[in-house]
Amino acid sequence: MEINCPFDELYAAEISALLKPPPLPQVQEYFDQLLESRQCRGITVKHGGENGKGVYANIDYKEGELVLRDDMLFGSQHSSNKIDCLVCSFCFRFIGSVELQIGRRMFFQDLGIHPHHGCNAEMLSDLSNTQRASDSSDDEDIPYSGSYDNIETCGSSSTGEIMPLSKKTIESLMDGELILPCSEKFPFPPVVACSGDCKEAYYCSKRCADADWNSFHSLLCTGERSEASSREALLGFIKHANETNDIFLLAAKAVSFTILRYRRLTGARLNQQASPYISNNCDLSLLLEAWKPISVGHKKRWWECVALPEDVASSEECAFRMQIKDLAFESLQLLRAAIFAKECAPLFSLEIYGHIIGMFELNNLDLVVASPVEDYFLYIDDLPSYKKEEAEKVTKPILDALGEEYSANCEGSAFFPLQSCMNHSCLPNAKAFKRDEV
């Protein structure tokens, strides 16, 4: 059955304008400004005929030399990964402390929710009530308990099975009462709560919290101060994304980003007018300007460009792609009910939503941030024998309780505007990576 999205027909002209590739001089200007802002030397972005735009070097680079540093435009942690680690919702740095990271993983493990098995918003919200006990917006140290006598397991085993820690020990790790030996060698940024008072977004600083709020989160927050038109509908959208494909959460960020940019542009224009007049109708020129960072990204409809899974026969390809389109439409309807903005109505068409997701499908990089928890346990393992023996009286029961997967990286997906211009090569002369730096 063919899907009929009324917005596709109602806003056909605006959609066509949004999806039309910008003029080459405008694209060139945009990327030249990006390169300048990122202080990238020796490279340029230009069109190369049939292959479209690409990144070209105009100097010789030495092996191992940094070619460019790019900032993500959109990024999100995978929903299933949120039980593994607590990171800043904007820059994805690990936050809190070694103890908090370990404690919350043990908390989920105690509930029978294991890494990579996924979770839902309700579980994360329940945990946040415990987390808030250790939340802090300043740099004060967590008080040292002075004793490790409260480290307890729930039994003993000689079979190699994972032995869970006692509830008391897990709570002590999470609320800061129990300080692990040498953990001061691995300082984390403090946990800063969302200014909208939701229980899903946490940050490494007020700067990141404000940046996320102004760029995306004010419309996607489920807290009391949310600017969403319906928080109930927003929770439904998030639940649907967590249960189906969390790329929808990233697409919602792109829509929110464009709406908020449009409103700032509208406000700036009104400030320049002698007699300000606020209209709920779409100003296409402003919408195109707000959309510009997305307009330069290569994109296709998601259901047309997504790779066919190995377990789907070629004879079933048409049905598979229709199911993907159906899924996108379900997500879009939920998002529209949650954050619809009449002045940006074309963004809520299936054609635009499908192209946003398709842009991510074609361009995104895996977002991976190494866990400092692994570095902590390696540090303990490398201590001189007499110090190691003393420290392991504390850390070994915890390490045993965590099991083989004692540490997990932050994992997600991100769109990087400059990197997205790089074409595929079977013999690449450069690679993408995250440097170990703040």
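Below or above, wherever it landed, is the structure these notes cover. Just so it is clear, the structure is predicted and the values come from calculations on it, not from any experiment.

Turning our eyes to something else, we now look at the overall build of the protein. Helix and strand counts for the protein stand at 15 helices and seven strands. Sequence separation of 24 or more characterises 71% of the internal contacts of the protein that already satisfy a separation of 6 or more. Summed over its atoms, the accessible surface of the protein is roughly 23100 Å², and 49% of this surface lies on carbon and sulfur atoms.

Between helix 2 (residues 12-19) and helix 13 (residues 350-363), the least distance of the axes is 10 Å, while the angle of their chain directions is 20°. One finds that helix 2 runs roughly parallel with respect to helix 13. Every residue of helix 13 that contacts helix 2 at Ile 15, Leu 18 and Leu 19 is listed here: Glu 351, Ile 352 and His 355. A class-by-class count of the residues in the contact of helix 2 with helix 13 yields four nonpolar, one polar and one charged.

Taken in spatial order, the three strands line up as 3-7-6 in an open sheet, and their pairing is antiparallel. Lying at the two open borders of the sheet, with one neighbouring strand each, are strand 3 (74-77) and strand 6 (365-369). Averaged over neighbouring strand pairs, the angle between their axes works out to 30° when direction is ignored. For strand 6 and strand 7 (residues 410-415), the ladder comprises five bridges, and the chain directions are antiparallel. In the sheet register, Asp 366 faces strand 7, and the bridge partner there is Ser 413. Running at roughly 140° to strand 3, helix 9 (residues 247-272) makes contact with strand 3 and strand 7 of the sheet.

Reading the values: rules and limits
- Residues numbered from 1 in each chain as written.
- Predicted model: local features only at pLDDT ≥ 70, side-chain atom pairs only at ≥ 80, totals over all residues.
- Heavy atoms only, no water.
- Helix = DSSP H or I, 4+ residues; strand = E, 2+ residues; numbered from the N terminus.
- Contact = heavy atoms within 4.5 Å.
- Areas by Shrake-Rupley, 256 points an atom, 1.4 Å probe, with all protein chains shown as cover.
- Axes fitted to C-alpha atoms, helices over the stretch in contact; angles between N-to-C directions.
- Parallel < 35°, antiparallel > 145°, perpendicular 65-115°, else oblique.
- Nonpolar A, V, L, I, M, F, W, Y, C, P; charged D, E, K, R; others polar.
- Pairing = 2+ DSSP bridges.

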